[in-house]
Amino acid sequence: MVRLILGSGSPRRRELLKQIGVEPDEIRAPDIDETPLKGEVPRAYCARIAREKVTAVAAAEDDIVLCADTTVAVGRRILGKAENEAEARGFLNLLSGRRHRVITSVAIKRGENKWARDVETAVRMKRLSAAEIDSYIASGDWRGKAGAYGIQGAAGAFIPWINGSFTSVVGLPLAETANLLIAAGYPLYGEPS
Ligand SMILES: Cc1cn([C@H]2C[C@H](O)[C@@H](COP(=O)(O)OP(=O)(O)OP(=O)(O)O)O2)c(=O)[nH]c1=O
């Protein structure tokens, strides 16, 4: 039986996999430097980080390792996870009333073989009032989330429109992830005949 290692400490990614009936055999959170390179654009950054995460997770030859990275992009600007309330406020002020992009890159390896997909979704955030920002910051729900919001929580009320993949915004694009897992030999819908 093939073993699946989820190379992610994100509870969202574990939940999303569960949604399609996938329970990892093990969780090994990668520890890499997530600093963008000088002049690096968001999509290239996100793709690089997901691939670095999967490289960083040690696994046996026949194990499948799955990693991902979610990055919020405003033009060429990369918004990762805010470190404190002030930074989170800054992110929300920047996103307020604007369209931005959420990119999730998924990377899988099995032995020497690697597979990857980058999924981009356009998201519009309504213009936020001071009261909305204050209340959201106080809730703490921004913590640990790229761009300092989680569409799956209270901030869902701030997002009137997306074009793309909802599960990708939450942290793992399930349609693409399912395809990658199957390509790597994971028996998602039973053993291949
Ligand atoms: C935009 C957005 C991001 N997020 C989350 C998904 C990711 O967990 C997080 C982005 O951080 P990531 O660096 O992608 O992942 P992580 O640090 O949580 O976990 P790991 O590196 O171990 O895999 O933001 C939401 O939950 N909802 C949203 O709407």
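In case you missed it, the structure is sitting above this.
To start, this report covers the structure provided alongside it. Small disclaimer: the values here were computed from a predicted structure and weren't measured.

Rules behind the numbers
Residues numbered from 1 in each chain as written. Predicted model: local features only at pLDDT ≥ 70, side-chain atom pairs only at ≥ 80, totals over all residues. Heavy atoms only, no water. Near = heavy atom within 4 Å. Polar contact = N/O pair within 3.5 Å; in protein donor to acceptor, adjacent residues only side chain to side chain. Areas by Shrake-Rupley, 256 points an atom, 1.4 Å probe, with all protein chains shown as cover. Helix = DSSP H or I, 4+ residues; strand = E, 2+ residues; numbered from the N terminus. Nonpolar A, V, L, I, M, F, W, Y, C, P; charged D, E, K, R; others polar. Buried < 20%, exposed > 50% of the residue type's maximum accessible area, 1.4 Å probe, protein only. Arc of directions from axis to C-beta. Contact = heavy atoms within 4.5 Å.

1. Things to note about the site of the ligand
Next, step 1: Close to the ligand lie 21 residues; Ser 8, Gly 9, Arg 13, Lys 53 and Lys 81 are nearest.
Next, step 2: Between an oxygen atom of the ligand and a side-chain N or O atom of Arg 13, the distance comes to 2.6 Å.
Next, step 3: Between the ligand and the protein, one listed contact pairs an oxygen atom with a side-chain N or O atom of Gln 152 at 2.8 Å.
Next, step 4: For the ligand, the protein covers 94% of the area, taking 610 Å² as the surface of the free molecule.
Next, step 5: Listing elements by their share of the shell around the ligand, those giving two or more residues are helix 1 (11-19), strand 3 (64-74) and helix 5 (166-170).
Next, step 6: When residues of the shell around the ligand are assigned to their parent elements, the largest contribution, 3 residues, is made by strand 3.
Next, step 7: Classifying every residue of the shell around the ligand by side-chain character gives 7 nonpolar, 7 polar and 7 charged.

2. Side note on helix 3 (residues 85-95)
Next, step 1: Among the residues making up helix 3, those that are buried are Ala 88, Phe 91, Leu 92 and Leu 95. Across the axial projection of helix 3, the buried residues extend over an arc of 95°, all falling on one side. Along helix 3, exposed side chains directed more than 90 degrees from the buried face belong to Ala 86 and Asn 93.
Next, step 2: Among the structural elements, strand 3, strand 4 (77-79), strand 5 (99-110) and helix 4 (130-139) are those in contact with the buried residues of helix 3.
Next, step 3: The opening residue of helix 3, the one whose side-chain oxygen lies 3.3 Å from the backbone nitrogen of Ala 86, is Asn 84.
Next, step 4: Residue Gly 97 follows helix 3 closely and has a positive phi angle near 75°.

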